[in-house]
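So the chains spell out like this:
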Amino acid sequence: MHGYQGLILIRQSGGRQAMKDFLCMGVIGCGDIAVSRHLPAMHASDAVRIVALCDTDLERANQLAARYEVPLATTDHRELLNDPGIDAVVICTPPWITPLLTIESLQAGKHVLCEKPMAVDLETALKVREAEQSSGCQVQVGFTYRHGPLFETLRTWIRSGQLGAPLIYRMGIFDEIWDPDGNPEHYDRIYRTMERGSPSIHDGAHVADYLNFLSDSRVEEVQSFGLRTREEFPASNYDLSVIRFANGDVAKVEIGWFMPRFPKGEFEVVGPRGIAIFDRDSRTVQLKNETITQTVQLEDDYFESCFKIQLDKFVHSIKTGEPCIPGTQAGIDSLALTKAIEKSISGKPKC
Ligand SMILES: NC(=O)c1ccc[n+]([C@@H]2O[C@H](COP(=O)([O-])OP(=O)(O)OC[C@H]3O[C@@H](n4cnc5c(N)ncnc54)[C@H](O)[C@@H]3O)[C@@H](O)[C@H]2O)c1
């Protein structure tokens, strides 16, 4: 019997909450993600005041400071870290720079919301955790898209056995269009990023975090293949991985960058009792099993909502002292999985 059990509409952001106090925050690294997501979320929050902006490109920092009426714009992050009036920083630099700045920020007594991946190698990620432990401050890692009711619902469905077991996770992310002539700045930026690892290390960080968040089992085995669709790329730009969990679940993960056209990335969890589908475009998660079809839809813009919740949670943790989630352990777990993918790709025996 197949039935329709209902559509649940969720409005996440609602009105702005009046808060009596606020965190004074700075941003280090004012590129794409800071401009498009973090700064608008911070500006819209009553719980935060943006008091300093830092970027090695002073003009960029100045322009944003003028737009958001921020009193300090600088190219030197130490100027920001030496300011005792700043409680916390958001770090949105390239990921090979982020951990160094995170450690310095912690040593200066600032809480940190750092972008993912928290580092590009495990040794450095562990140093970030050590710095956090000895600082009395907290780090939250920017696994933005796990926040909110859609992923919470998905996790509840999975963990309450609605799909049965074992499970098959099918996930894919295709991003960063290949357009060297139309957008050379973007091409250079992504090329430089790929010099520090394939897309699995970068966008794969989100997928590794989804798996760690959704599954309650540990990863036991990883088999990955990497493909360069153009010889000149510094790393594989398409990685295909099969991941086996201790409880018998498996995941198929595709991460692709630098193609002129993309397929739609899939996100499905399939089990013997049903299927759950996450669809970012329609902002829905849907459960279909033997008896029901249930759809949960987010009314708000998905990205805006995720960045808002991420910031709200960070502020809450800093104010209450409750642990930041996802914290450094989640960052290390995600990186451990993406590094296992990288190792599997480079260690393939030739036939
Ligand atoms: N959470 C998400 O959804 C999400 C989305 C996109 C990017 N990201 C992550 O955010 C990070 C930044 O990505 P981006 O796309 O904004 O990159 P970007 O290159 O557009 O921005 C990085 C900025 O950092 C500045 N910078 C570099 N070194 C600096 C330093 N020492 N001090 C101050 N500023 C410095 C650069 O001038 C640049 O403006 C990456 O780790 C990326 O993976 C996360």
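This one's a predicted model, so the numbers in the text were calculated from it and none came from an experiment. (Residues numbered from 1 in each chain as written. Predicted model: local features only at pLDDT ≥ 70, side-chain atom pairs only at ≥ 80, totals over all residues. Heavy atoms only, no water.)

Looking now at the pairing of strand β2 (residues 23-28). Within β2, six of the six residues are buried, which leaves it mostly tucked inside the rest of the structure. Along β2, one buried face is formed by Leu23, Met25 and Val27 and the opposite face, lined by Cys24, Gly26 and Ile28, is buried too. As paired elements, β2 and strand β3 (residues 48-54) share six bridges and run parallel to each other. Across the sheet, Cys24 pairs through a bridge with Arg49, a residue of β3. In terms of handedness, the path from β2 via helix α1 (residues 32-44) over to β3 forms a crossover that is right-handed. Bridge analysis of β2 against strand β5 (residues 88-91) gives four bridges, and the strand direction is parallel. Looking at β5, one finds that Ile28 is bridged to Ile91. (Buried < 20%, exposed > 50% of the residue type's maximum accessible area, 1.4 Å probe, protein only. Helix = DSSP H or I, 4+ residues; strand = E, 2+ residues; numbered from the N terminus. Pairing = 2+ DSSP bridges. Right-handed = clockwise from strand over helix to strand, strands pointing away.)

To continue, consider the site of the ligand. Around the ligand, the surrounding shell holds 23 residues, and the nearest of these are Ile33, Asp55, Arg60, Lys116 and Tyr145. Side-chain polar atom of Lys116 to an oxygen atom of the ligand: 2.9 Å apart, as the coordinates give it. Protein contact buries 82% of the 850 Å² of open area that the ligand shows by itself. In terms of residue class, the shell around the ligand is made up of 10 nonpolar, seven polar and six charged. (Near = heavy atom within 4 Å. Polar contact = N/O pair within 3.5 Å; in protein donor to acceptor, adjacent residues only side chain to side chain. Areas by Shrake-Rupley, 256 points an atom, 1.4 Å probe, with all protein chains shown as cover. Nonpolar A, V, L, I, M, F, W, Y, C, P; charged D, E, K, R; others polar.)

Another aspect to go through is the nonpolar core. Core analysis: the largest hydrophobic core is formed by 63 residues, its most contacted members being Met25, Leu53, Leu154, Tyr169, Leu211 and Leu214. Looking at this core element by element, the count peaks at seven residues for helix α10 (residues 302-320). Counting residues domain by domain, this core receives three or more from each of domain 1 (12-145 + 309-327) and domain 2 (146-299 + 334-346). Setting aside its immediate chain neighbours within four residues, Met25 contacts Met42, Val48, Arg49, Ile50, Val51, Ala52, Ile86, Ala88, Val90, Leu311 and Phe314. (Core = buried A, V, L, I, M, F, W, Y, C linked by side-chain atoms within 4.5 Å. Domains from an automatic or database assignment. Contact = heavy atoms within 4.5 Å.)

The next subject is helix α9 (residues 204-214). For α9, the tally of buried residues reaches 10 of 11 residues, placing the bulk of the element in the interior. Looking at α9, one finds that the buried residues are Gly204, Ala205, His206, Val207, Ala208, Asp209, Tyr210, Leu211, Phe213 and Leu214.

Moving on, we come to the packing of aromatic side chains. Evaluation of the coordinates by the stated rule reveals 15 aromatic pairs. Between Phe233 and Phe258 the ring centres are 5.1 Å apart and the planes differ by 35°, which places this aromatic pair in the tilted class. Separated by 25 residues along the polypeptide, Phe233 in the loop between β9 (219-227) and β10 (238-245) and Phe258 in the loop between β11 (250-257) and β12 (267-271) bring together distant segments of the chain. For the residue pair Phe233 and Phe258, the accessibility class agrees, reading buried in each case. Consider the rings of Phe267 and Phe278, whose centres lie 5.1 Å apart with planes at 70°: the pair is edge-to-face. Here Phe267 is found in strand β12, whereas its partner Phe278 is found in strand β13 (residues 274-279), with 11 residues between them in sequence. (Phe/Tyr/Trp six-rings, centres within 6.5 Å; stacked < 30°, edge-to-face > 60°.)

Let us now look at the domain arrangement of the chain. The accessible area lost on association of the parts is a frequent measure of interface size. For the chain, the assigned domains are domain 1 (12-145 + 309-327) and domain 2 (146-299 + 334-346). Relative placement of domain 1 and domain 2: their C-alpha centres are 26 Å apart. Taken together, the contacts link 21 residues of domain 1 with 22 residues of domain 2. The contact between domain 1 and domain 2 buries some 1800 Å² in all, and 63% of this surface belongs to carbon and sulfur atoms. (Buried area = accessible area lost by both parts, 1.4 Å probe.)

The UniProt record annotates "domain: GFO/IDH/MocA-like oxidoreductase" (unreviewed entry) at residues 151-275. As annotated, residues 151-275 has a helix share of 28% and a strand share of 32%, and its two end C-alpha atoms lie 15 Å apart. (UniProt positions renumbered as here; feature names shortened; annotations may be inferred.)

With that settled, consider the state of the cysteines. For the structure shown, the criterion picks out zero disulfides. Free of any disulfide, Cys54 has its nearest neighbouring cysteine sulfur in Cys30, separated by 7.1 Å. By relative accessible area, which is 4% here, Cys54 ends up buried. The cysteine Cys137 is free of any disulfide, with Cys324 supplying the nearest cysteine sulfur at 10 Å. (Disulfide = S-S within 2.5 Å.)

A low pLDDT score tells you not to read the predicted coordinates there in detail. Per-residue pLDDT for the chain averages 93, and the proportion of residues at 70 or more is 93%. Below a pLDDT of 50 lies the segment residues 1-20, which in the model reaches 44 contacts outside its immediate sequence neighbourhood of four places, other chains included. (pLDDT = per-residue confidence, 0-100.)

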